[in-house]
Amino acid sequence: MEKSRKQFVDLVDKAVEAAKSMRRDELLFSYKGILYPTTVCSPETFKALESFEARSDDVILAGYPKSGTNWLSQILTDLIAISQKKTPGSESSVHAEVSEEFPYLEVGDAEKYERMTKLPSRRFMVTHLRPENLPKSIFKNNAKILLLIRNPKDVATSFYHFCNGLATLPSYETWDEFFTDFMTKKMAWGCYLEYLSEWNKYADKENIMTITYEEVKENRALSVKNIATFFGIPLTEEQLQLVVERSSFQSMKKNSDKTHGSFGNILFRKGGVSDWKNLFTEDQSEKMDKAFEEHIAGTKLGKKLKYDLYCKA
Ligand code: A3P
């Protein structure tokens, strides 16, 4: 039976409750030039994060909001559970330890990093941060990072619906207003195209594996296999099938009451490719094409995104 992630659900519920009494302009704050949600991040936590000591066997997932981080989080925690001879999703699985801390590295109180020193290996963490804002020890100690990227038009589309569903982020009356903010760097966790170009500087590093939302969607079994190999986790055919089945959109949505509480209804929206076609005007589409060209096209990450296939067709 799917294990309930009480800590995760409680933190989100608390943040939503706090946001309800805040003005729209109070929901985000700026730290080192990037906006973050006030209800879940703080300057004190960012300061404390600088001294976080990564371990070489930490399993780190990096991805901009809405690129499928909750999806890949489950795949990774299932793989860690298997490596520890536990049953994915069960009470005894890795969630039991990991759920002691909210999995997003930069989310929570400033003391969480001290508590994390006591967690057994392999620790799992997710982050929406740009690489230059991550603790230096992650790169120094060669912790492995799975970098998840998604086509920018679907990221914007998913983010728009998320902002309007979740009280902790500023909501938008129209898609046009959201699009303007998305393109002018007014999003929580910063501008996606800048995020991509910053991460592109790290794309050749041996301890980083890049994967796209679209390729996981295309072939989940192959993606899970490749991820397991990258993190050095051997899998039987049966274990592979279990992780693949548990990570289908339908199955995650069905379990979301346990894994994500009411937040699950907002998070597991469509889970597909090309929903941007329902929102983007021709003019907006061209603006994104131009910005993509300027920021990232032609680079390693730019090519990996297969922009023409997913954002132009
Ligand atoms: P949509 O809003 O396009 O549906 P994140 O977890 O980083 O916030 O990303 C959320 C996006 O990932 C949402 O996209 C969500 O539906 C999608 N997603 C979550 N689980 C998924 C799954 N198992 N398969 C495909 N997409 C999934």
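The structure reproduced in this document is the subject of the present report.

Criteria and thresholds
- Residues numbered from 1 in each chain as written.
- Predicted model: local features only at pLDDT ≥ 70, side-chain atom pairs only at ≥ 80, totals over all residues.
- Heavy atoms only, no water.
- Helix = DSSP H or I, 4+ residues; strand = E, 2+ residues; numbered from the N terminus.
- Rg over C-alpha atoms; globule rule 2.2 N^0.38 Å.
- Buried < 20%, exposed > 50% of the residue type's maximum accessible area, 1.4 Å probe, protein only.
- Areas by Shrake-Rupley, 256 points an atom, 1.4 Å probe, with all protein chains shown as cover.
- Pairing = 2+ DSSP bridges.
- Contact = heavy atoms within 4.5 Å.
- Arc of directions from axis to C-beta.
- Axes fitted to C-alpha atoms, helices over the stretch in contact; angles between N-to-C directions.
- Salt bridge = Lys/Arg side-chain N within 4 Å of Asp/Glu carboxyl O.

1. Quick notes on the overall build of the chain
The helix and strand inventory of the chain stands at 17 helices and six strands. A compact globule built from 313 residues would reach a C-alpha radius of gyration of about 20 Å, and the chain, at 19 Å, matches this within 12%. Considering only C-alpha atoms, the chain reaches an extent of 50 × 40 × 40 Å along its principal axes. Per-residue burial for the chain yields a buried fraction of 57% across its 313 residues. For the chain, the exposed surface amounts to about 13900 Å²; the carbon and sulfur share of it is 51%.

2. Focus: the pairing of strand S5 (residues 144-149)
Within S5, five of the six residues are buried, which leaves the element mostly enclosed by the surrounding structure. Pairing analysis gives five bridges linking strand S3 (residues 59-63) to S5, with the strands arranged parallel. When the bridges of S5 are listed, Val59 appears paired with Lys144. Relative to strand S6 (residues 208-212), S5 runs parallel, the two being bridged by five bridges. Within S6, the residue paired with Ile145 across the bridge is Ile208.

3. Details of the environment of Ala143
With respect to the element layout, Ala143 can be found in the loop between helix H6 (136-140) and S5. Taking the relative accessible area as the measure of exposure, Ala143 reaches 0% and is therefore buried. Sequence spacing of Ala143 and Ser56 is 87 residues, and the spatial spacing of their C-alpha atoms is 4.3 Å. Once you skip the residues sitting within four places of it in the chain, Ala143 turns out to touch Ala54, Arg55, Ser56, Asp58, Ile60, Ile138 and Asn207.

4. Topic: helix H8 (residues 175-183)
Burial in H8 covers these residues: Trp175, Phe178, Phe179, Asp181 and Phe182. Each buried residue of H8 lies within a common arc of 165 degrees when the element is viewed along its axis, so the set occupies one face. Contacts from the buried residues of H8 go to helix H7 (152-165), helix H9 (192-200) and helix H15 (282-295). Lys185, located one to two residues past H8, shows a positive phi value of around 65 degrees.

5. Comments concerning the sheet that holds S3
Judged by pairing direction, the sheet is parallel, and its four strands sit side by side in the order S4-S3-S5-S6 without closing on themselves. Every interior strand has two partners, whereas the edge strands, strand S4 (124-127) and S6, have only one. Each adjacent strand pair in this sheet contributes to an overall mean axis angle of 20 degrees, direction not counted. As judged from the four bridges shared by S3 and S4, these two strands associate in the parallel manner. Within the sheet, the bridge partner assigned to Ala62 lies in S4 and is Thr127. Running over the sheet, helix H3 (residues 69-83) touches S3, S4 and S5 and is turned about 170 degrees from S3. In the packing of helix H11 (residues 220-230) onto the sheet, contacts are made with S5 and S6, and the angle to S6 comes to roughly 170 degrees.

6. Some points on the pattern of salt bridges
Evaluation of the coordinates by the stated rule reveals 24 salt bridges. Its salt-bridge partner being Arg23, residue Glu26 comes within 3.4 Å of it at the nearest N-O pair. In this structure Glu26 comes out as partly exposed when scored by relative accessible area, which is 30%. A salt bridge links Lys287 to Asp283, with the shortest nitrogen-to-oxygen separation between them at 2.9 Å. With Lys287 and Asp283 both in helix H15 and four residues apart, this pair spans about one turn of that helix. A relative accessible area of 45% means that Lys287 is categorised as partly exposed. Residue Asp283 is classed as partly exposed on the basis of its relative accessible area of 43%. Through salt bridges that share partners, Arg130, Glu132, Lys185 and Glu194 make up one connected network.

7. A few points about unusual backbone geometry
Residue Arg122 is bonded to the preceding Ser121 through a cis peptide linkage, with omega at -5 degrees. Topologically, Arg122 is positioned in the loop between helix H5 (112-116) and S4. With a phi close to 65 degrees, Lys185 is a non-glycine residue in the positive phi region. By the secondary structure assignment, Lys185 is in the loop between H8 and H9. By relative accessible area, which is 47% here, Lys185 ends up partly exposed. Of note in this structure, Trp189 is not a glycine but carries a positive phi near 70 degrees. Mapped onto the elements of the fold, Trp189 is located in the loop between H8 and H9. Residue Trp189 is classed as buried on the basis of its relative accessible area, which comes to 10%.

So yeah, pure geometry; function would need other evidence.
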